[in-house]
Amino acid sequence: MNSVPGGAGTEGRTGRRTERGTRRLTVAQALVRFLAAQYTERDGRQHRLIDACWGIFGHGNVAGIGQALVESGQGDDAPLRYLQGRNEQAMVHAAVGYARQNNRLSAHAVTTSIGPGATNLVTGAALATVNRLPVLLLPGDIFATRTADPVLQQLEVPGAGDVSVNDALRPVSRYFDRVHRPEALIPAALQAMRVLADPADTGAVTLALPQDVQAEAYDWPAEFFAERVWHVRRPGPEPAEVAAAATAVLDARRPLIVAGGGVHHSEAEDALRALADATGIPVASTQAGKGSLRFDHPCDVGGIGHTGTAVADDLARAADLVIGVGTRYSDFTTASNTLFAEPDVRFLNLNITPFDSHKMSALTLVADARAGLEALTGALLGHRVAASYEEEFARGKAEWERAVDSAYAAKDEGARPTQAQVLGALDGVVGDDDVVINAAGSLPGDLHKLWRARSPRQYHLEYGYSCMGYEIPGAIGVRLAAPDRPVWALVGDGTYLMLPGEIVTAVQEGVNINMVLVQNHGYASIGGLSEQTGAERFGTAYRYRAADGSYTGEPLPVDLAANAASLGLDVIRAETVGELRTALARARASERPTCVYVETDTGPSAPAPPGAAAWWDVVVAETSGRPAARKAREEYERHAAARRRHL
């Protein structure tokens with residue numbers, strides 16, 4: 001991330017510099033020049049708002065945005081760096097990884113052609129918006145003038161001539177506009193930057209660009225290209241809300257903090273630690289919030305919810321006050337509204353968005369996470385939870401750490417590793433600065449329970465959308481944002497087969513990522529869920545068909561390591577725990593993108609510790625002729641009876 005401190009060296013970036021006259025440029029040329037002049041500022045430091053543009057070119061953008069990028073130059077001093085991708089969805093994932101690593105202060109743009117190039121953006125856009133992460137999407141669009149109608153790849157809608165496939169991006173974008181006329185770019189671009197820089201309203205922003213308009217010239221006011229600094233605000237809480245929040249904490253016997261992704265986005269980790277140090281309140285974390293405290297902090301009790309630790313979930317069940325900080329309270333966090341079981345439990349939510357603050361019928365503290373935590377710590381001066389409560393969760397934390405040690409340990413270094421032992425081997429190799437990335441499959445559950453996060457940005461789980469295929473492009477984005485930090489993409493075989501193409505991008509750009517490719521011959525996570533819900537692992541194994549038509553034959557002879565090598569990665573195969581440790585160390589020391597390939601033991605002794613068995617509501621068939629489904633329904637109804645609405 002390009003950043004400069006406020007003050008010296010920032011002339012022209014403390015506001016909008018006034019210029020005179022006009023400049024005749026195409027719409028695309030004007031947009032590239034405009035984007036190069038946008039900055040964010042928070043806490044006195046400035047950052048490029050749009051630091052690069054990913055792109056795959058076709059007839060909808062090659063003569064517009066493509067020509068404009070060429071026109072602007074692509075050397076080290078290029079106003080807007082271009083990055084070549086292989087899949088449009090993956091380009092958005094890379095941009096999201098970049099934005100998250102940069103705490104949402106710097107982002108990337110993504111340009112595509114019309115048609116399938118544009119619709120491939122939809123999944124990535126949904127992921128960005130669900131996770132409240134900024135990305136600028138610039139899809140080409142059909143002719144505004146309708147001179148070519150229908151144009152190649154146009155979806156004709158007989159009842160609406162102004163609709164194109166780009167309208168599919170509307171529900172997954174925080175802001176959407178279609179630039180029908182050159183002059184319309186000015187308000188559209190300014191609104192786009194406003195949303196991208198807004199900590200409460202950010203997400204995917206789409207500017208649909210008709211291909212004829214992209215190439216049309218216009219006399220632009222020079223002021224449009226002046227450097228603009230978008231202040232990323234830290235709104236403080238209202239005094240009345242702080243007072244009410246402090247009273248709630250003072251009245252609580254068993255308070256529990258749930259740290260969400262907002263802690264990281266606000267860079268509020270120090271403020272959270274100060275509150276925990278002062279009050280002794282235990283801190284559990286969501287997937288997005290893990291790492292808010294170091295794993296060895298006395299108040300850190302690990303992940304919470306369906307994939308949480310035993311100590312965190314036990315505390316949650318008995319908590320009389322749950323303090324949510326920057327969390328959306330997803331069903332994984334609340335165990336589908338069965339976790340917070342204390343009859344008189346109350347909620348206090350610190351969140352920059354009123355929408356999230358009011359969840360769970362909570363007392364609200366609407367503010368930036370850092371500002372709110374600092375205010376609450378000040379209001380609680382001298383208060384501390386009971387020593388008996390601290391001793392209770394300290395014992396639970398110690399017991400869980402022993403369970404993690406046991407899961408990580410290997411009695412036989414010559415045996416095939418379990419998935420937990422893969423994480424244990426990686427834990428023994430990484431340093432505090434390494435970043436570990438994952439998104440989907442069975443790994444998120446094991447990571448949430450077992451991973452010992454050592455720094456705020458070491459744990460990078462995209463679990464808001466849990467999108468298979470995120471890991472490799474996400475790792476590229478993280479490494480571009482933090483070129484000095486070792487980056488690990490943990491990838492299962494199912495995820496790998498979704499989006500491996502950006503391996504080529506990493507090799508081409510010299511982006512030194514490490515990939516740990518875990519082969520377990522299918523969708524292991526959904527296989528387990530399928531079994532629990534009475535679907536008997538149907539369609540979840542990567543195997544030949546058996547005589548009865550089911551996929552229960554021998555594993556497919558697919559060599560994913562050879563595939564990764566064919567795309568340019570250095571590949572190290574590891575068959576045993578001992579070989580895995582050596583391979584991971586070699587990969588970390590390598591100066592090239594490297595893959596460690598390992599096949600895991602999936603036998604009955606392989607699963608990680610089960611945590612506290614917090615439920616997840618996946619509806620089971622109400623009627624069935626199959627015994628497995630009937631049994632699963634009985635279990636489902638038993639758990640569902642514990643659901644509650646917190647009113």
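Above this text is the structure in question.
The shown structure was predicted, so the numbers you read here are calculated from the model rather than taken from an experiment.

Scoring rules and cut-offs
- Numbering of residues starts from 1 in every chain and runs along the sequence as written.
- Local features are withheld for residues below a pLDDT of 70 in this predicted model, meaning they are given only at 70 or higher, and side-chain atom pairs are given and counted only at 80 or more; totals for whole chains, interfaces and linings count all residues.
- Side-chain numbers here rest on the full set of heavy atoms in the structure, without hydrogens or water.
- Put simply, DSSP marks the helices as runs of H or I at least four residues long and the strands as runs of E at least two long, and each gets a number from the N terminus on.
- Here the globule rule reads 2.2 Å times residues to the power 0.38, and the radius of gyration is calculated from C-alpha atoms.
- The rule is simple: take the accessible area with a 1.4 Å probe, protein chains only, and divide by the maximum for that residue type; under 20% is buried, over 50% is exposed, in between is partly exposed.
- Only the protein chains shown count as covering a residue, and every accessible area follows the Shrake-Rupley method with a 1.4 Å probe.
- Only a pair of cysteine sulfur atoms within 2.5 Å qualifies as a disulfide here.
- Each pair of strands is called paired provided DSSP finds at least two bridges between the two strands.
- Here an angle of 0 to 180 degrees is reported between the N-to-C directions of two axes, which are lines fitted to C-alpha atoms, with helices fitted over the stretch in contact.
- Note on definitions: a residue-residue contact is assigned when non-hydrogen atoms from the two residues lie within 4.5 Å.
- Whenever Lys or Arg places a side-chain nitrogen within 4 Å of a carboxyl oxygen from Asp or Glu, that contact is recorded as a salt bridge.
- In this scheme, roughly parallel covers angles under 35 degrees and roughly antiparallel covers those over 145, while 65 to 115 is roughly perpendicular and the rest are oblique.
- With the far helix as reference, a near helix turned anticlockwise by less than a right angle produces a left-handed crossing, and one turned clockwise produces a right-handed crossing.
- In the scheme used here, Gly and all other residues not listed as nonpolar or charged are polar, with Ala, Val, Leu, Ile, Met, Phe, Trp, Tyr, Cys and Pro taken as nonpolar and Asp, Glu, Lys and Arg as charged.
- Within this scheme a cavity is a closed region of a 1 Å grid, computed over the protein atoms alone, that accommodates a 1.4 Å probe without allowing it to escape, whereas a pocket is open but has protein on both sides within 12 Å along at least five of seven lines; lining residues each have an atom within 4 Å of a point.
- Grid points are joined across faces, edges and corners, and a volume is the space filled by probe spheres set on the points.

## Here's the deal with the overall build of the chain
For the chain, the count of helices and strands is 24 helices and 24 strands. Here the C-alpha atoms of the chain give a radius of gyration of 26 Å, agreeing with the 26 Å that 2.2 N^0.38 yields for 647 residues. Dimensions along the principal axes, computed over C-alpha positions, put the chain at roughly 70 × 70 × 55 Å. Sorting the 647 residues of the chain into buried and exposed places 58% on the buried side. Per element, the accessible surface of the chain, about 25400 Å² overall, is 51% carbon and sulfur.

## Here we look at the state of the cysteines
Scanning the model with the defined rule gives zero disulfides in all. We note that C595 lacks a disulfide partner, and the nearest cysteine sulfur, in C467, lies 20 Å from it. C595 sits in the buried class, given a relative accessible area of 0%.

## Concerning helix α18 (residues 471-481)
Summarising burial for α18: eleven of the eleven residues are buried, a large majority. Listed in full, the buried residues belonging to α18 are E471, I472, P473, G474, A475, I476, G477, V478, R479, L480 and A481.

## So, the sheet that holds strand β20 (residues 459-461)
Spatially, six strands are ordered β20-β19-β21-β22-β24-β23 in an open sheet, and the strand pairing comes out parallel. Each having just a single partner strand, β20 and β23 (570-574) make up the two edges of the open sheet. Averaged over all pairs of adjacent strands, the angle between strand axes in this sheet comes to 20 degrees, irrespective of strand direction. Pairing of β23 with strand β24 (residues 594-599) involves five bridges; the strand directions are parallel. Note that in β24 the partner of I572 across the bridge is V596. Against the sheet, helix α23 (residues 577-589) makes contact with β21 (487-492), β22 (514-519), β23 and β24, and its axis sits at roughly 165 degrees relative to β23, the strand it touches most.

## Some thoughts on unusual backbone geometry
For residues other than glycine, phi is negative in most cases, and the peptide bonds are mostly trans. Following D149, the chain continues to P150 via a peptide bond in cis, the omega torsion being 5 degrees. Here P150 is to be found in the loop between β8 (135-141) and β9 (175-178). Within the chain, R132 stands out as a residue other than glycine whose phi angle is a positive 60 degrees. Residue classification places R132 among the partly exposed positions, given a relative accessible area of 22%. One non-glycine residue, Y329, adopts positive backbone phi at about 55 degrees.

## Things to note about the pattern of salt bridges
In the structure shown here, the tally under the stated rule is 34 salt bridges. With a closest N to O distance of 2.7 Å, D405 and R452 form a salt bridge. Separated by 47 residues along the polypeptide, D405 in helix α15 (residues 387-408) and R452 in the loop between α17 (443-450) and β20 bring together distant segments of the chain.

## Here's the deal with the packing of helix α10 (residues 269-279) against helix α14 (residues 369-379)
For any two helices packed against each other, one specifies the crossing angle of their axes together with the interaxial distance. α14 packs onto α10 with a crossing angle of 20 degrees between their chain directions and a minimal axis gap of 8 Å. The angle between α10 and α14 places the two elements in the roughly parallel class. Taken as a pair, α10 and α14 cross one another with a handedness that is left-handed. Contacts between α10 and α14 pair A271, L272, A274 and L275 from the former with R370, L373, E374, L376 and T377 from the latter. The class makeup of the residues in the contact of α10 with α14 is six nonpolar, one polar and two charged.

## Section: empty space enclosed by the protein
Scanning the model with the defined rule gives four cavities of 30 Å³ or more in all. Considered as a void within the structure, the largest cavity measures approximately 130 Å³ in volume. For the lining of the largest cavity, the secondary-structure elements that each account for two or more residues are β15 (300-303), α15 and α17. Take the lining of the largest cavity: its biggest share by element is four residues, from α15.

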